[in-house]
Amino acid sequence: MINKIVDSMAEAVAGLQDGAAIMISGFGDAGAPAELIEAVIAQGATDLTIISNNAGAGEVGIAALMKAKRVRKVICSFPRQNGSHHFEARYRAGEVELELVPQGNLACRIEAAGAGLGAVYTPTGYGTLLAEGKETREIDGRHYVLEYPIHADFALVKARAADRWGNLVYRKVARNFGPIMARAARTTVVQVAEIVELGALDPETIVTPGIFVNRVVLSSAPATA
Amino acid sequence: MINKIVDSMAEAVAGLQDGAAIMISGFGDAGAPAELIEAVIAQGATDLTIISNNAGAGEVGIAALMKAKRVRKVICSFPRQNGSHHFEARYRAGEVELELVPQGNLACRIEAAGAGLGAVYTPTGYGTLLAEGKETREIDGRHYVLEYPIHADFALVKARAADRWGNLVYRKVARNFGPIMARAARTTVVQVAEIVELGALDPETIVTPGIFVNRVVLSSAPATA
Amino acid sequence: MQRMDRTALAARVARDIPEGAYVNLGIGAPTMVANYLPQDKEVFLQSENGLLGMGPAPAEADIDWELINAGKQPVTLLAGGSFFHHGDSFAMMRGGHIDICVLGAFQVSVHGDLANWHTGAPDAVPAVGGAMDLAIGARQVFVMMDLLTKAGESKLVEKCTYPLTGLACVSRVYSDVAVFSVGPEGARVIEMVPDMTLEELRGMTGLPLEMA
Amino acid sequence: MQRMDRTALAARVARDIPEGAYVNLGIGAPTMVANYLPQDKEVFLQSENGLLGMGPAPAEADIDWELINAGKQPVTLLAGGSFFHHGDSFAMMRGGHIDICVLGAFQVSVHGDLANWHTGAPDAVPAVGGAMDLAIGARQVFVMMDLLTKAGESKLVEKCTYPLTGLACVSRVYSDVAVFSVGPEGARVIEMVPDMTLEELRGMTGLPLEMA
């Protein structure tokens, strides 16, 4: 019997290596897997590359990873926001490298990784600072930038519910990067508010089929209604 | 008030021009919009390019379009099957051009069109007859073929249910190409077994948001349970 | 001269959004456009963090932090709305499925180049978000901005000096004193606030403006 | 010499599929592998037309023509199964998420090149379906075939003469008389049916085979 549910947050992030690339779902706080990130801090891996929309704000989540000096590089679209002082301090000190990627290119590079594409031509960013030095091409009269897939060793994802095969459903806009990150990592770990029996999720409405999920762990935070 | 529901199959395919490129959902019979295809035959447009997984079998659907000599070109992955005699006759007579595309490249070229990408590097087909003459590139030690998006003037799609904004849900494997074709056509027309009130579809489980749909028409065929 | 304030400007932009349009409103002032869309017409608001059919802000008691807009403010979902992931959300934009997006700007060039993501200050921590995707993805890009900076410099320019967000992507500029079309043929004045003159606009912008 | 018939061969392939594997079974003989997967182990069957967690054929009364496999045969869905569109289905394959796929073949080369989509006959109407995507997408590609054609020619070859489906993609060949590994170091014999000898296999294939 296949059971992807693990008993603890520690087990969920076991095997994470120093130098790993980690995708972290979330747009602001919505969909951010705070407990899994706490577990990464406890686990001890360092020199990490974080792939996420933001670079952390306040004192928890990615900000806590920054504060703990575990991050070598951030690939994200929007690092500067209210409360992003831990990122900014590390960045200004030259301790953290930043690869700034337009949000839609971040999404499509993650999608390309999950879908096994070698590279894609995207129109976003053409003619801007963020495409400097990148290969470009004119196709049917429009200009495109060649962008490469972003793969990760781990994806940390927050979902609403899962079954033991790792099938996932999400909640409202907390869905955001979860489904595409789940596909792009070697090991996908999901923090959920609820674990349900196999067969309880409608096969028509499963958003992430279990094939993209390796480990599921129940969150101790109360489920949102 | 926005109401994308039209009253007849004829209205659903109105405006289709000679020479148009039409995407048609379906994998075999599952998900094939038979009534919309009948309406295209009645409407009279000819010299069509059909983009679909198959090239028709038996006497209805795409096969009927073939029989009626309305098709100039087929872009598909699997034209040869039991009952594909109408396609085969036209093809052997040199009346229909065939662009054979591996099924996953067909899917990802349709996806690229819907997502506004200029081209993608796909590993599928590298080193085969179907990549002859195409640009290739080695990326991180793997070989890829450059494939361009496939756009269409019309997409004819079959779904299970829709509301007046054009939100769609599908049924089982009849989903197949519907969601990706709906995004890749200038005008997307959907044949559904059921029309529901706005708000009746769960926002978490809508597969195709109405932004990708232009017209919805109720099928006269009985809904499958 | 009677300048339009932000609310008047938001109402003016709203007038140019037809029923049935799929619209993305950028963070900040553009978000206010939603308040002036006519109640009896259906306009579809998309938010790049994964929702379509966005409704107004909720009552305090109904705030749900998993139902927010791109500016991370609580919103609601209309009946007929839907949720989707970031890949699908940006396919909507990049694929040309959004009819109109409304954005703020540091500068817009007469040919429609947009600069709205980076001041170019060397010590600034850069952040881009979805600005570049919106700029090149939407069928029409409307910019809402004051015509002049606080220092009195025109933000409608012959050529942007700030780092670009997108090339030749803006079609209209709604400013506090006039509405402009921009594009391949340069800038034209569509309308002005009462008491404004073409001559005065030329003086403010340093551009050889004509009426559209 | 006791050749394996199709059912014995399907059972043999099934033995090499571990619990928890995500597996795509090609059209034709490979489909039979499903019948020999142990009932007490969970193996996930994917079908490229948009389902994961495929179950056995339904009873006649339960046939649903919107629940079919890639060979267009009625199937069932297990509890825990899911449906998805073609874009996602082929992302599963191309993205390396399928552990094993089992395919038929016209020819396989000792280095793992696969020819299974086209006889090369000039008058044939070509059709490829998902063969090329499966060939290069799955982490391991198993081929199930008779070692010899009806005319007695080896289908395991130094170099394919039929049009290729994919390069260097097959890892194992399960034939009626022997199981081979193929790949960068050439073909090796993993096992033979009783009474078969290496010498005889060399004769049948014309290849300098050795045991693995």
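Residues numbered from 1 in each chain as written. Chains lettered and ligands numbered in written order. Predicted model: local features only at pLDDT ≥ 70, side-chain atom pairs only at ≥ 80, totals over all residues. Heavy atoms only, no water.

## Observations concerning the overall build of chain C
For step 1, the next point in the chain: Scanning chain C for helices and strands turns up four helices and 12 strands.
For step 2, the next point in the chain: Taken against the 2.2 N^0.38 rule, which gives 17 Å for 212 residues, the C-alpha radius of gyration of chain C at 17 Å falls within 12% of a compact globule.
For step 3, the next point in the chain: In terms of overall dimensions, chain C has C-alpha extents of about 50 × 40 × 30 Å along its principal axes.
For step 4, the next point in the chain: Here chain C holds 212 residues, and the buried ones make up 60% of them.
For step 5, the next point in the chain: Taking contacts inside chain C between residues at least 6 apart in sequence as the whole, the part at least 24 apart equals 60%. (Helix = DSSP H or I, 4+ residues; strand = E, 2+ residues; numbered from the N terminus. Rg over C-alpha atoms; globule rule 2.2 N^0.38 Å. Buried < 20%, exposed > 50% of the residue type's maximum accessible area, 1.4 Å probe, protein only. Contact = heavy atoms within 4.5 Å.)

## Observations concerning the pairing of strand 10 (residues 170-175) of chain D
Residue and element names in this part refer to chain D.
For step 1, the next point in the chain: Relative to strand 10, strand 8 (residues 140-145) runs parallel, the two sharing five bridges. Considered in strand 10, the bridge of V141 is made with V170.
For step 2, the next point in the chain: Counting the residues between successive antiparallel strands, the hairpin from strand 10 to strand 11 (residues 178-181) contains two residues. (Pairing = 2+ DSSP bridges.)

## A few points about the pattern of salt bridges
For step 1, the next point in the chain: Per the stated rule, a full pass over the model turns up 52 salt bridges over all chains.
For step 2, the next point in the chain: Note that E147 of chain B and R109 of chain B form a salt bridge whose closest N and O atoms lie 3.6 Å from each other. With a gap of 38 residues between them, E147 of chain B in strand 7 (residues 142-147) and R109 of chain B in helix 5 (residues 103-114) connect regions that are remote in the sequence.
For step 3, the next point in the chain: E147 of chain B sits in the buried class, given a relative accessible area of 4%.
For step 4, the next point in the chain: Across the salt bridge formed by R3 of chain D and D176 of chain D, the nearest N and O atoms sit 2.8 Å from each other. Linking R3 of chain D in the segment before helix 1 (6-15) with D176 of chain D in the loop between strand 10 and strand 11, this pair joins segments that are 173 residues apart in sequence.
For step 5, the next point in the chain: R3 of chain D gets classed as partly exposed once you look at its relative accessible area, which sits at 43%. (Salt bridge = Lys/Arg side-chain N within 4 Å of Asp/Glu carboxyl O.)

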